[in-house]
Amino acid sequence: METLMAYAIGVLFGCAVYMMLRRSIVKLVIGLIILSNAANLLIFAVSGMTRGAPPLIPEGMQLPEGAIADPLPQALVLTAIVIAFGVLAFSVVLIHRAFEVVETDDLDQMKDTDT
Amino acid sequence: MLYAVLSGFLLAALVPLVHRSAGQFTGWLLALLPAALTVYFASFVPLISGGEVLGQQWTWFPGMDIHLGFTLDGLSLLFALLISFIGTFVLIYAGGYLKGHPDLGRFYIVMLSFMASMLGLVLSDNLVALFVFWELTSITSYLLIGFNHESEKARKCALQGLFVSVIGGFFLLVGIMLLGIYGGSFSIVELLNSSEDWFSAAPLTLLILCILGGTFTKSAQFPFHFWLPNAMAAPTPVSAYLHSATMVKAGVYLMARLNPMFGEEMLWTVMLTLFGGVTMFVGAWLAYTHTDAKKVLAYSTVMALGTLTMLIGIGTEYAMIAFAAFLLGHSLYKGALFMVAGSIDHEAGTKDLTKLGGMRSLMPWTAGAALLAALSLAGVPPLFGFIGKELMLEAVLSAGPLQGLVVALAVVSAMMTAAIAAVVALKPFYGPRVETPKQPHEAPLAMLAGPVVLAAVSLLFGLLPGVPETLLVTAAVTAVAGMPLDFYLSLWHGFNLPLLLSVVGLTGGAILYRYWDRTREPLERLMTRLDRFAPETGYFRALDGIIWLCDWQTRILQNGKMGNYMIVLVMTTVVIVGYTLAAQHGIQFTLDWQDINFYELAIVALLMVTAVYATTTRSRLGAVATMGVLGFMVALIFILFSAPDLGITQVLVETLTVILLVLVLFRLPGFARYSTLFEILRDGFVAVSFGALMTVLILATLDARMFEPISSYFVEAAYPEALGRNIVNVILVDFRSLDTLGELFVLGIAALGVYSMLKLRAEKLND
Amino acid sequence: MTEPDKKIMKDNTVILHTAALALLPLQLLFSVFLLLRGHDEPGGGFIAGLVGAGAVVLYLFAHGVDATRRIIRFDPRDLLGIGLLLGTVSAFPALLRGEPFLTAQWWIFDLAGTEIKLSTVLVFDIGVYFAVVGTILTVVVSLTEAEE
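Residues numbered from 1 in each chain as written. Chains lettered and ligands numbered in written order. Predicted model: local features only at pLDDT ≥ 70, side-chain atom pairs only at ≥ 80, totals over all residues. Heavy atoms only, no water.

J.: Would you mind going over the overall build of chain A in detail, with residue names and values included?
T.: The helix and strand tally for chain A stands at four helices and zero strands. Its helices and strands taken in sequence order, chain A reads α-α-α-α from the N to the C terminus. Within chain A, the proportion of its 115 residues that are buried is 65%. Taking as baseline every contact in chain A between residues at least 6 positions apart, the subset at least 24 positions apart corresponds to 54%. Summed over its atoms, the accessible surface of chain A is roughly 3,800 Å², and 61% of this surface lies on carbon and sulfur atoms. (Helix = DSSP H or I, 4+ residues; strand = E, 2+ residues; numbered from the N terminus. Buried < 20%, exposed > 50% of the residue type's maximum accessible area, 1.4 Å probe, protein only. Contact = heavy atoms within 4.5 Å. Areas by Shrake-Rupley, 256 points an atom, 1.4 Å probe, with all protein chains shown as cover.)

Below you can see the structure in the form of structure tokens.
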């Protein structure tokens, strides 16, 4: 499964970079979203993927039964998802403000505006 | 001793309070600290002159062998006493000189911080701590030269001083690091006591050159001497203190401190003797051609610094004794002379020596102090300066291979110095009265105390040379030479060669003074013509070059096109990581296509399709919708592979993301197509390379399991210790809660950023 | 701004109006449930915060900013502040007992036959909850206000 994921994540990263290289600022936002998803999946995939064994300890036990999925990457990804949302909100509003002030959505033209 | 050093910084912090309550007596009040420090350090004199070395250590960064260690031996003690003793009078003097200045408070703050840094510098045993104090003196010096920050000239001069000494400081740091790495310790005492076996293994030439780079710039040695006269843009008390008596001697101090270690090295002795000798001559020469009293004194300071460096370089017994005596003498008379020059400027309104004359009857005390100090500068018996000069001449006569050169330089310099001394002390006070911009009268008590006391000490030490010898000089010489030497100071050494040279110097000086008016101008014209070759021109060239370079590289690298930045970043990553991967790991991977269910395959395929669709579609709404699909596919993957928490979070966040995009994105224009075909192909190539790199990287990572996962501890401790069954949540809120807390703050900052961006606009629209 | 864009916010139906009113308390309750069970089952501060914020956002879309402000009473930024404060405060009890910063402290006691477990971890999780709710609401409320 990880092999398949490696290819999928590669596709996601490629798409993200391509979108972030566009001059249209709206495409940049789409690129950012794909990029954060790709990064989350990357952390999740390289730690090994396990089916049907969530990192929970059953009632009345001290330790989980048998092998479980690694909880640490999950914790990392969980906060990363929420943070990515915060960053996305920030950048989307920033881009919107920039668009209002310089009145262009072309990144290459933004550099020539003095505001 | 730590408290002695820190007290200066502490008092500096309290200055605003003191200044508010004490008003114009602030200077006197603040001077109590250096006065107390003088007494404190003086109390060590009996111990130290008895040959003891005191040391104290405070741990600072134990892991890096950096301690706040202080050592008090003869050399440190001599410097510490000079710093606190002269500091006392400079603070008092500043109160009079800058009376009523609106920024006087700031002046005291920086001055006291400087004093504390300088004390730290000469007392530090650890080279790293010494470097910290060294840079602190550079910074405080910068602030003091630029004290009149509204004058462009002052700002420029301050920056020049800072640049020169900081660049030197950089070399010094490299030197210190090399010393620490190869010598095995950052402690000066340990380095001096260790055997010098490591010399053969160390890049000794580089090491010595780096250290000298630091000391030469700090102590204004040729060809870095130009910053010191420019530093005269500072108020006079600063010139008297930093740029003659203390800071510029830091370089000399460090060379003297390290001399026992490098004294046997040919490179060290030759560099020091040669550059010191040349600096001595250049300083004397330039001093002779100038008319601004402070500039003349500044160049004569350059001369003195050169002399001191040369004496360390010569390294004979006599040279060491001469070094200590000359150092002491110079600090006393030069401090006094600078204060006199400041008083003249303050009272008469000019410090141009050609426009001054006949003020003796108007300022008798100042004139008297000036005369005594100048006699000491010229090296006339019975002042202490004579002893210093006599010993210096004695030393150059034993200078070894460079003897001929240095003797000639020393005698010519001595002549010119004598002439300068006469010019500074006699011109303003004797001869016919010259009209000055202000009607001069005697300087106030605050401005008299310093010059008079310092000049009187010069005379006293000259008449009773045994006093400074037993108290200070012997121990200092022991420290510089690395072993005790047997000697005594006296005015009269009998009829010998040094005395003859001394007489030649004084006679020559008298003649030069006689014809100063006539010879000076042609010399000055000559110097103006030589300006093109002056080191300062090189400094300006270098400055222009740096600006040009920055301009050029900014246009290349920082062209403001985000696409270019991204391409550079991504391709650099691809090349570097890709190369490392291929070199370290090869391109053999285990591919496992068996372990895939059909619905998993479907989900992943849909994931890839949505991503590609989002990049190719020309519909904005379509792209946003696919983002939703993509997010839900990711959530499904999380849920299928044992991460329920992630799945839930992903679904919720995805919903909110779509809401966010709807709220904002639809107020922006649609997908525009700006790119040419070439750009599309180029970006496509970059994107495909990066995607391929990531795939390969993941495959390589999956193959290389170098360590056991660290999460087994979390799994085992989750219930027994943290009382939680959901291990992911336990990690988030218990084991790694500090990380989570940090992330919460990131969220908060992002939210506040959004809020302020929108709020700001609302207010603008209302206007 | 174009016409269809404006409609995204205003096009309220009666069903959505009523449903949002009914769903808000239910969703908030559910978010608290998720928060409290988070230590043992899937859930926790982040997820509960997202659910809670989602509930308010739904209400916001149905009834507008002013009605929402009236119903949540707090400024969203205050919620954010409360969250960060709770998170930070939970770090200190450990110091009182001489343990490293942020070490979890538990107080377990019996209340009428049921075991009640209180801990700094719970305080921290509640802090996470409020911080997430505060962040999302700050963003969404300011955006909606900027639009109106």
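J.: Requested: an account of the overall build of chain B, with residues and values cited.
T.: Each helix and strand in chain B was counted, giving 32 helices and two strands. Residues counted as buried form 56% of the 767 residues belonging to chain B. Of the contacts made within chain B by residues no fewer than 6 positions apart, 78% connect residues no fewer than 24 positions apart. Taken as a whole, chain B presents about 31,400 Å² of accessible surface, with 68% of it coming from carbon and sulfur.

J.: Tell me what's going on with the interface of chain B and chain A, and back it up with residues and numbers.
T.: The interface of chain B with chain A comprises 96 residues on the first partner and 85 residues on the second. Carbon and sulfur atoms supply 76% of the area buried between chain B and chain A, which totals about 8,600 Å² over both sides. Ranking the residues of chain B by area buried against chain A places F641(B), Y674(B) and R725(B) at the top, with a combined share of 9%. There are four salt bridges connecting chain B and chain A. Ionic pairing is found between R23(A) and E679(B), a salt bridge with its closest N-O pair at 3.9 Å. Taken together, the connections running from chain B to chain A amount to 13 residue pairs in polar contact (both at pLDDT 80 or more). (Buried area = accessible area lost by both parts, 1.4 Å probe. Salt bridge = Lys/Arg side-chain N within 4 Å of Asp/Glu carboxyl O. Polar contact = N/O pair within 3.5 Å; in protein donor to acceptor, adjacent residues only side chain to side chain.)

J.: Can you lay out unusual backbone geometry for me, pointing to particular residues and giving the numbers?
T.: Backbone torsion omega between F222(B) and P223(B) reads 5°, so that peptide bond is classified as cis. As for its position among the elements, P223(B) is in the loop between α10 (204-218) and α11 (227-230). One non-glycine residue, A220(B), lies in the positive phi region at around 55°. Along the chain, the position of A220(B) falls in the loop between α10 and α11. Its identity is not glycine, yet R73(C) carries a phi of approximately 65°, on the positive side. By the element assignment, R73(C) lies in the loop between α4 (65-72) and α5 (76-89).

J.: An account of helix α12 (residues 236-245) of chain B is needed here, citing residue identities and associated values.
T.: Counting buried positions along α12(B) yields ten of ten residues, so the element is predominantly enclosed. By the burial criterion, the buried members of α12(B) are T236(B), P237(B), V238(B), S239(B), A240(B), Y241(B), L242(B), H243(B), S244(B) and A245(B).

J.: Now, about the interface of chain A and chain C: what can you tell me, with residues and values included?
T.: Interfaces are often sized by the amount of accessible area the parts lose when they come together. Counting residues at the interface gives seven residues for chain A, matched by seven residues for chain C. Of the roughly 630 Å² buried between chain A and chain C, counting both surfaces, carbon and sulfur atoms make up 91%. Inspection of the chain A/chain C interface yields zero residue pairs in polar contact (both at pLDDT 80 or more). Partitioned by chemical class, the residues of the side of chain A that touches chain C number six nonpolar, one polar and no charged. (Nonpolar A, V, L, I, M, F, W, Y, C, P; charged D, E, K, R; others polar.)

J.: Quick rundown of the confidence of the model for chain B? Include the residues and the values.
T.: All names here are of chain B. Averaged over all residues, the pLDDT of chain B equals 84, while 98% of them reach at least 70. Taking the mean pLDDT of every element in chain B, the minimum, 75, falls on helix α23 (residues 516-530) and the maximum, 91, on helix α26 (residues 598-616). In the predicted assembly, ipTM is 0.94 and pTM is 0.67. (pLDDT = per-residue confidence, 0-100.)

J.: Hey, could you go over empty space enclosed by the protein for me, with residue numbers and the actual values?
T.: Counted by the stated rule, this structure contains eight cavities of 30 Å³ or more. Forming the boundary of the largest cavity are 20 residues, of which M303(B), F326(B), Y333(B), L377(B) and K389(B) lie nearest the centre. Looking at the lining of the largest cavity, the elements with two or more residues in it are α15 (293-314), α16 (317-348), α17 (364-378), α18 (384-396) and α19 (403-426) of chain B. Tallied by class, residues from the lining of the largest cavity come to eleven nonpolar, eight polar and one charged. If you trace the second largest cavity, you find it lined by I33(A), S36(A), N37(A), N40(A), I81(A), A84(A), F85(A), L88(A), Q650(B), V653(B), E654(B) and T657(B). Elements with a contribution of two residues or more to the lining of the second largest cavity: α2 (25-46) and α3 (71-102) of chain A together with α28 (644-665) of chain B. Partitioned by chemical class, the residues of the lining of the second largest cavity number six nonpolar, five polar and one charged. (1 Å grid on protein atoms, 1.4 Å probe; cavity = no way out; pocket = protein on both sides within 12 Å on 5 of 7 lines; lining within 4 Å. Points joined across faces, edges and corners; volume = space filled by probe spheres on them.)

J.: Go over the pairing of strand β2 (residues 66-72) of chain B with me, naming the residues and quoting the values.
T.: Each regular strand carries side chains that alternate between the two faces of the sheet. Residues and elements named next belong to chain B. Of all seven residues in β2, seven are buried, a share of seventy percent or more. Alternating positions in β2 separate into two faces, I66, L68, F70 and L72 on one and H67, G69 and T71 on the other, with burial throughout. Across seven bridges, the pairing between strand β1 (residues 54-61) and β2 is antiparallel. Bridged to G55 within β2 is T71. (Pairing = 2+ DSSP bridges.)

J.: Give a description of the packing of aromatic side chains that names residues and reports values.
T.: Counted according to the given criterion, the structure contains 25 aromatic pairs over all chains. The cationic tip of R22(A) hangs over the ring face of Y18(A); the distance from NZ or CZ to the ring centre is 4.2 Å. Here the guanidinium or amino end of R725(B) rests over the ring plane of Y719(B), the centre of that ring lying 4.0 Å away. (Phe/Tyr/Trp six-rings, centres within 6.5 Å; stacked < 30°, edge-to-face > 60°. Lys NZ or Arg CZ within 6 Å of the ring centre and 35° of its normal.)

J.: Before we move on, could you go through the environment of I648(B) and cite the residues and values that matter?
T.: Mapped onto the elements of the fold, I648(B) is located in helix α28. The spacing of I648(B) and A635(B) is 13 residues in sequence and 7.2 Å in space, taken between C-alpha atoms.

J.: Explain the packing of α10(B) against helix α13 (residues 249-262) of chain B to me, and be specific about the residues and the numbers.
T.: All names here are of chain B. The interhelical angle for the contact between α10 and α13, taken along N-to-C directions, is 155°, at an axis separation of 7 Å. The pairing of α10 with α13 is recorded here as roughly antiparallel in orientation. In the crossing of α10 with α13, the sense of the turn from one axis to the other is left-handed. Packed against α10, whose contacting residues are L204, L207, I208, I211, L212, T215, F216 and K218, the element α13 presents A250, G251, L254, M255, L258 and F262 at the interface. (Axes fitted to C-alpha atoms, helices over the stretch in contact; angles between N-to-C directions. Parallel < 35°, antiparallel > 145°, perpendicular 65-115°, else oblique. Left-handed = near helix turned anticlockwise from the far one by under 90°.)

J.: Please provide a residue-by-residue account of the pattern of salt bridges, values included.
T.: All told, the structure shown has 14 salt bridges over all chains when counted by the stated rule. R682(B) is the salt-bridge partner of D683(B), the closest N and O atoms lying 3.1 Å from each other. In this structure, a network of salt bridges that share partners links the residues R69(C), D75(C), R77(C) and E145(C).

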